[in-house]
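Per-entry structural report
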Amino acid sequence: TILLAEQTVDGEVTGRVRNSAGQSKVLSMRAVREGDTVYYLATTPVDPPDELRISLRVRPGDAQGEPYTLRFTQSFYEPE
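Report follows, based on the coordinates. (Residues numbered from 1 in each chain as written. Predicted model: local features only at pLDDT ≥ 70, side-chain atom pairs only at ≥ 80, totals over all residues. Heavy atoms only, no water.)

A closer look at the overall build of the protein
- When you go through the protein residue by residue, the secondary structure sums to zero helices and six strands.
- For the protein, the N- to C-terminal ordering of α and β elements is β-β-β-β-β-β.
- At 16 Å, the protein has a C-alpha radius of gyration far larger than the 12 Å of a compact globule built from 80 residues.
- Overall size of the protein, expressed as C-alpha extent along the three principal axes, is 50 × 30 × 30 Å.
- Classification of the 80 residues of the protein by burial places 14% in the buried group.
- Contacts in the protein between residues at least 24 apart in sequence constitute 45% of all its contacts with a sequence separation of at least 6.
- Surface summary for the protein: the accessible area is close to 6,800 Å², and the carbon and sulfur share equals 49%. (Helix = DSSP H or I, 4+ residues; strand = E, 2+ residues; numbered from the N terminus. Rg over C-alpha atoms; globule rule 2.2 N^0.38 Å. Buried < 20%, exposed > 50% of the residue type's maximum accessible area, 1.4 Å probe, protein only. Contact = heavy atoms within 4.5 Å. Areas by Shrake-Rupley, 256 points an atom, 1.4 Å probe, with all protein chains shown as cover.)

Observations regarding the sheet that holds strand β6 (residues 68-76)
- Taken in spatial order, the four strands make up an open sheet running β2-β1-β5-β6, and their pairing is antiparallel. In this open sheet, the two strands that pair with only one neighbour each are β2 (24-27) and β6. The mean inter-strand angle of the sheet, taken between neighbouring strand axes irrespective of direction, is 20°.
- When strand β5 (residues 50-60) meets β6, the two strands line up antiparallel, connected through nine bridges. Looking at the pairing, D50 lines up with F76 of β6. (Pairing = 2+ DSSP bridges. Axes fitted to C-alpha atoms, helices over the stretch in contact; angles between N-to-C directions.)

Re unusual backbone geometry
- Following P48, the chain continues to P49 via a peptide bond in cis, the omega torsion being -5°.
- As for its placement among the helices and strands, P49 is situated in the loop between β4 (37-41) and β5.

Description of the nonpolar core
- Residues V17, L27, L52, I54 and L56 constitute the largest nonpolar core, which totals five residues.
- Counting residues per element, this core draws most heavily on β5, at three residues.
- Setting aside residues up to four positions removed in sequence, L56 forms contacts with T14, G15, L27, Y68, T69, L70 and F72. (Core = buried A, V, L, I, M, F, W, Y, C linked by side-chain atoms within 4.5 Å.)

Remarks on the pattern of salt bridges
- Counted under the stated rule, the structure contains two salt bridges.
- A salt bridge links E51 to R53, with the nearest nitrogen and oxygen atoms 2.8 Å apart.
- Judged by its relative accessible area of 30%, E51 is partly exposed.
- The partly exposed category is assigned to R53, whose relative accessible area is 39%. (Salt bridge = Lys/Arg side-chain N within 4 Å of Asp/Glu carboxyl O.)

Below, the structure written as structure tokens:
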């Protein structure tokens, strides 16, 4: 039997974003609390059409060892 429990934990989130022109920027993350939930948010300018490559390093507050790394791409298009 596997028991899964969802709980919010504080942590440390850092990140970088790179656009399709190769320009890279450190993301300034901020924690936003809503009830028992915490979100880590950052903003960055985008000039469509563009594709942003985002890399995040996440270390939950209670974790030991290396942080988790998340990488994803988000495409932005001109409005029709």
